[in-house]
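Chain by chain, the residues:
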Amino acid sequence: MNPSGRAGRILQWSAALLGGALALIALLIALWREAYPPLPPRLTIEVIFPPGLAARGEPLITTGAGGVADFLAVRYLDETTAVVFYDVWGMGGPTSAPFALKPGTPRRLEIEMPTLAHVASHRSHEQRPLRVTLDGATLLDEPAYFHRRAPSEIFFAANPVGGTLVQAGFSGKITTAEGRALHGGPAALFDPGARVHWLLGARPWALLGCLALSLLGGALAWWKVTALRRMHGFLFAAAPATVFPSVAGGPPHWWFFGAATASLIIFAAVLTSGTFRVIAPDEFGGQYDFQARSLLAGRLDLPEAARTGESFIYEGRIYMYFGPTPALLRLPFAGLDSVFGQLTRALMLAYFAGWLVAAYLILIHVTRLARGPAAWPSASATVLLTVAAGPGSTLLFLASRAYVYHEAILCGAAFALWSAYGTLRFLAEPARGGWIGALVCGVLAVHARPPAGLFALAALGFAAVALALRPAGRPSLRRLAAIGTLAALGFLSFNALSYLKFESFEGAPLRYHVQYDAARLAAIDGKNFHLANFRHDFDAYAWRPDFEFRPVFPYFYLQRGGAVAYPTARLDLAEPTLALPYAMPALCVLALGGLALAAAAWREARLPLAVLTAGTTPMALALFTAVAISHRYTGDFCAPLVALGAFGLVALDRLPAHVRRPARLALAALAGVGVLITLALALHYQGEGVWGVPDEFKARYQMLRQAVDSALGFSRP
């Protein structure tokens with residue numbers, strides 16, 4: 001059904017208004033979270049201390065986030081005596097002389113500390129004054145180190161960020177000099193009216209920026225609905241009507257919406273450990289935010305505060321080797337100085353949603369390639385591909401940890417799949433502009449995750465070559481040559497960016513990496529790829545069953561496949577990796593078995609299948625020869641598997657009904673198995689297998705293990 005005329009225009013403008021309104025609301029919420037007037041450099045509060053509990057530390061003021069927090073706290077020596085101490089996470093800090101608590105008596109505390117004011121950035125090893133007086137007597141007076149903090153990251157009488165020295169809350173009472181109780185974030189100091197007044201006076205440009213971005217969101221929604229309307233009228237090369245049986249029915253949008261919503265809920269639940277807090281700080285989650293700020297300042301290098309164990313140092317400047325695409329998506333928030341370091345979960349959820357939409361559009365396209373321009377995929381095919389591509393793929397495993405590695409892979413996979421969709425449209429209608437979207441998304445994929453971008457742009461380049469070799473209906477050779485050249489240049493832009501950083505065309509020159517000393521570089525000859533690794537990496541990705549079952553939740557475990565059987569391999573990092581057929585069984589069966597069926601019996605599908613397969617080859621060769629291998633890298637294979645799997649799923653309709661139905665049931669079972677396997681790997685990796693996970697996540701995992709094992713009658717070792 002193709003919306004047209006007045007009804008279509010109403011749909012377009014309604015989408016534009018809704019998209020603009022949602023964008024404005026989301027931006028205002030993000031801005032409001034950080035809309036706090038600056039605190040004075042000195043703060044006077046009244047404290048009523050409780051009776052002390054020896055060795056117990058309780059927070060007075062906490063600033064920052066987990067792993068990058070500072071604490072002004074009290075530690076009790078006994079029931080009537082305590083000390084005040086200042087702790088910088090990972091560095092420590094000064095401690096006062098003992099003082100009398102006088103439990104139950106109001107005490108006047110005057111504080112000057114480095115992070116009372118909003119700290120957007122600081123120099124390496126910078127110190128600022130720390131002064132604390134109690135009833136006029138000086139407890140602390142010396143310079144102190146500190147971390148960056150956002151306007152909202154200051155908490156009174158509370159410690160929401162974790163650590164081992166300070167409890168979660170202060171058991172006494174803290175009030176302002178005027179008698180207002182202080183507990184929790186800065187909202188305790190500023191009522192909504194004061195925040196609005198400050199926002200209007202100090203940051204009107206931020207409000208104007210929100211309005212401009214909401215207009216852009218409305219324009220994008222209008223454009224997207226327009227594109228979807230036009231999609232109904234696209235003409236694709238169709239197979240003879242006798243090849244595929246006719247299927248009656250309208251668009252399965254509601255089936256997709258239901259399956260996608262369930263997939264997103266599962267992804268969000270794993271990503272947030274069931275809390276569904278998608279705007280939250282994560283350890284090692286601010287690197288793209290630092291990069292966005294640097295880009296706004298016209299720089300590629302990062303400030304000293306962004307230095308980590310993954311930094312590259314060249315001529316005294318700090319760089320990250322991750323591409324800038326996720327940083328580009330943070331530019332509006334960097335410009336608003338909002339939610340710094342808290343966007344990783346939200347953007348990963350957005351990438352995952354975009355990924356599912358791209359998979360659905362590819363299925364629609366392939367269905368119309370088989371049945372004609374008005375055809376729709378069946379509800380069962382829609383649900384099956386959505387589940388297999390979503391929670392049944394490694395992309396769910398990436399939800400186990402919201403940090404820079406996983407965001408890069410997920411972002412690259414999403415843009416690569418959108419690029420593949422554009423390439424398939426370009427193959428079907430060379431005269432139209434599908435190649436433009438394929439090129440843009442391919443470049444964005446390259447600068448998120450190079451292997452994913454290599455697949456996307458190689459597929460576009462091979463599509464141009466295939467059309468140039470087609471004997472009939474060939475477009476202009478000059479146009480095809482330009483498209484192929486742009487695809488090649490799009491990938492080389494990754495090397496060009498590397499040259500701007502390191503004056504080297506190597507994508508990641510390990511000699512500048514802070515972790516790589518001479519011995520580590522010598523072990524791999526200073527290179528990222530070695531042909532000697534092919535057997536080891538191919539076996540790990542393609543067939544080696546590096547897993548085991550244990551009678552302890554989640555029952556399915558990865559085990560480390562040693563490299564002893566591959567003595568010539570030059571490996572630097574060999575993490576446990578589950579081969580593709582076990583990690584994503586439904587997608588692999590669709591992509592391989594369905595690929596063979598389609599190629600043999602569906603002549604019109606051979607060209608796009610050949611292009612997708614050719615595009616996958618250079619990416620696979622890079623991964624099969626890399627010096628590092630990890631289960632998360634199997635996410636790079638997801639985009640080609642989904643694109644090929646859509647052809648396999650549609651090709652099943654070529655089979656007789658008595659074969660087709662059991663085959664779909666078997667595939668549905670495989671998709672379910674894939675979901676359970678990936679869920680098991682993600683939960684265990686989050687609960688025990690990776691650093692930087694909040695303690696509350698780990699505690700929830702152990703509680704879940706105990707509950708499930710007890711319910712099933714398994715005894716815990």
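Criteria and thresholds
Residue positions are counted from 1 within each chain, in the order its sequence is given. Totals for whole chains, interfaces and linings use all residues, but because this is a predicted model, local features are given only for residues with pLDDT of at least 70 and pairs of side-chain atoms are given and counted only at 80 or more. Think of the side-chain values as coming from all heavy atoms in the structure, minus any hydrogens and water. By the criteria applied, helices consist of DSSP H or I runs no shorter than four residues and strands consist of E runs no shorter than two, each listed in order from the N terminus. Here the globule rule reads 2.2 Å times residues to the power 0.38, and the radius of gyration is calculated from C-alpha atoms. In this scheme, a residue with accessible area under 20% of its type's maximum is buried, one over 50% is exposed, and one in between is partly exposed, where area comes from a 1.4 Å probe on protein chains only. Any two residues whose heavy atoms approach within 4.5 Å are treated as being in contact. In these tables, accessible area is a Shrake-Rupley quantity obtained with a 1.4 Å probe, and a residue counts as shielded only by the protein chains included in the view. In summary, the charge assignment counts Lys and Arg as positive and Asp and Glu as negative, without counting His or the chain termini. Charged side chains are reduced to one point each, which is NZ for Lys, CZ for Arg, CG for Asp and CD for Glu. Two strands qualify as a pair provided that DSSP identifies no fewer than 2 bridges between them. Each axis is a line fitted through C-alpha atoms, and for a helix only the stretch in contact is used; angles between axes span 0 to 180 degrees, taken between their N-to-C directions. What the arc describes is the spread of directions from the helix axis to the C-beta atoms. For every residue, the predictor reports its confidence as pLDDT, a number between 0 and 100. Should an angle lie under 35 degrees it is considered roughly parallel, over 145 roughly antiparallel, and from 65 to 115 roughly perpendicular; all remaining angles are considered oblique. Each residue gets one of three labels, nonpolar for Ala, Val, Leu, Ile, Met, Phe, Trp, Tyr, Cys and Pro, charged for Asp, Glu, Lys and Arg, and polar for the others, Gly among them. Stacked, edge-to-face and tilted are the three classes for Phe, Tyr and Trp ring pairs, Trp counted by its six-membered ring, which pair at centre distances within 6.5 Å; planes under 30 degrees apart are stacked, over 60 edge-to-face, the rest tilted. Should the NZ of a Lys or the CZ of an Arg lie within 6 Å of a ring centre and within 35 degrees of the ring normal, that charge is described as sitting over the ring. Counted as a polar contact is a pair of N or O atoms within 3.5 Å, where, for protein atoms, one must be capable of donating a hydrogen and the other of accepting one, and residues adjacent in sequence contribute only when both atoms are in side chains.

Topic: the overall build of the chain
Within the chain, the regular secondary structure consists of 22 helices and 16 strands. A compact globule built from 717 residues should have a C-alpha radius of gyration of about 27 Å, and the chain, at 28 Å, falls within 12% of that. Relative to its 717 residues, the chain shows a buried fraction of 52%. In the chain, once contacts between residues fewer than 6 apart in sequence are set aside, the share between residues at least 24 apart is 74%. In the structure as shown, the chain presents an accessible area of about 30,000 Å², 66% of it carried by carbon and sulfur atoms. One finds the centroid of the 58 positive side-chain charges in the chain at a distance of 14 Å from the centroid of its 43 negative side-chain charges.

Section: unusual backbone geometry
Cis geometry marks the peptide bond from F553 to P554, where omega comes out at 10°. Mapped onto the secondary structure, P554 falls in the loop between β13 (547-549) and β14 (556-558). Within the chain, D135 stands out as a residue other than glycine whose phi angle is a positive 50°. Within the fold, D135 resides in the loop between β7 (128-134) and β8 (137-144). A positive phi angle is found at D525, which is not glycine, with a value near 60°. Along the chain, D525 turns up in the loop between α15 (518-523) and α16 (534-542).

A word on the sheet that holds strand β5 (residues 99-100)
Read across the open sheet, the 5 strands follow the order β5-β4-β3-β2-β9; overall the sheet is antiparallel. Looking at which strands have only one partner, the edges of the open sheet turn out to be β5 and β9 (154-156). Sheet topology places strand β2 (residues 57-65) next to β9; 3 bridges connect them, and they run antiparallel. The residue of β9 that forms the bridge with T63 is I154.

Concerning the sheet that holds strand β10 (residues 173-176)
If you trace the 5 strands from one edge of the open sheet to the other, you get β8-β7-β6-β1-β10, paired in antiparallel fashion. Since the sheet does not close on itself, it has two edges, and those belong to β8 and β10, each with one partner. On average, each strand axis in the sheet is tilted by 20° relative to the strand beside it, whichever way the strands run. As paired strands, β7 and β8 are joined by 7 bridges and run antiparallel to one another. Across the sheet, R128 pairs through a bridge with A144, a residue of β8.

Regarding helix α2 (residues 192-202)
Because an α-helix packs 3.6 residues into every turn, residues spaced three or four apart end up facing the same way. Every buried residue of α2 is listed here: R195, W198 and L199. Down the axis, α2 shows its buried residues gathered within 100° of arc, on one side only. Facing away from the buried surface of α2 by more than 90 degrees, the exposed residues are H197, L200 and G201.

Here's the deal with the confidence of the model for the chain
When pLDDT is averaged along the chain, the result is 86; 91% of the residues meet or exceed 70. Between residues 231-243, whose pLDDT stays under 50, and residues either more than four places distant or in other chains, the model counts 33 contacts.

Quick look at the packing of helix α18 (residues 585-601) against helix α19 (residues 606-625)
At a closest axis distance of 9 Å, the pairing of α18 and α19 adopts a crossing angle of 140°. As the angle between them shows, α18 and α19 are arranged oblique. Between α18, through L595, A598, A599 and A600, and α19, the contact on the second element is made entirely by R606, L609 and T613. Each residue belonging to the contact of α18 with α19 can be placed in one class, and the counts come to 5 nonpolar, 1 polar and 1 charged.

Comments concerning the packing of aromatic side chains
Applying the stated criterion across every chain yields a total of 33 aromatic pairs. Measuring from centroid to centroid gives 5.4 Å for Y319 and F502, while their planes differ by 70°, and the two rings are edge-to-face. Of this pair, Y319 sits in strand β12 (residues 317-320) while F502 sits in helix α14 (residues 477-502), and the two are 183 residues apart along the sequence. On the accessibility criterion, Y319 (4% relative accessible area) is buried. Between F547 and F549, the aromatic rings sit 6.0 Å apart at their centres with planes inclined by 85°, giving edge-to-face as the arrangement. Since its relative accessible area comes to 22%, F547 is described here as partly exposed. The exposed category is assigned to F549, whose relative accessible area is 62%. One aromatic cluster in this structure is built from Y288, F312, Y314, Y319, Y321, F322, Y403, Y405, F502 and Y512. Above the ring of Y557, the side-chain terminus of R550 is found at 4.0 Å from the ring centroid. The ring centre of Y405 lies 4.9 Å from the NZ or CZ of R632, which sits over that ring.

So, the side chain of T344
By the secondary structure assignment, T344 is in helix α8 (residues 344-371). On the basis of relative accessibility, which here comes to 2%, the residue T344 falls in the buried class. Polar contacts involving the side chain of T344 include one to the side chain of R330, which spans 3.4 Å. Leave out the neighbours within four places in its chain, and T344 touches G285, R330, A402, Y403 and E407.

Structural notes on the packing of α18 against helix α21 (residues 657-689)
Relative to each other, α18 and α21 sit at 140°, their axes nearing to 7 Å. In terms of orientation, α18 lies oblique with respect to α21. Residues P585, A586, V589 and L590 of α18 pack against L667, L670, A671 and G674 of α21. Class assignment of the residues belonging to the contact of α18 with α21 gives a composition of 7 nonpolar, 1 polar and no charged.

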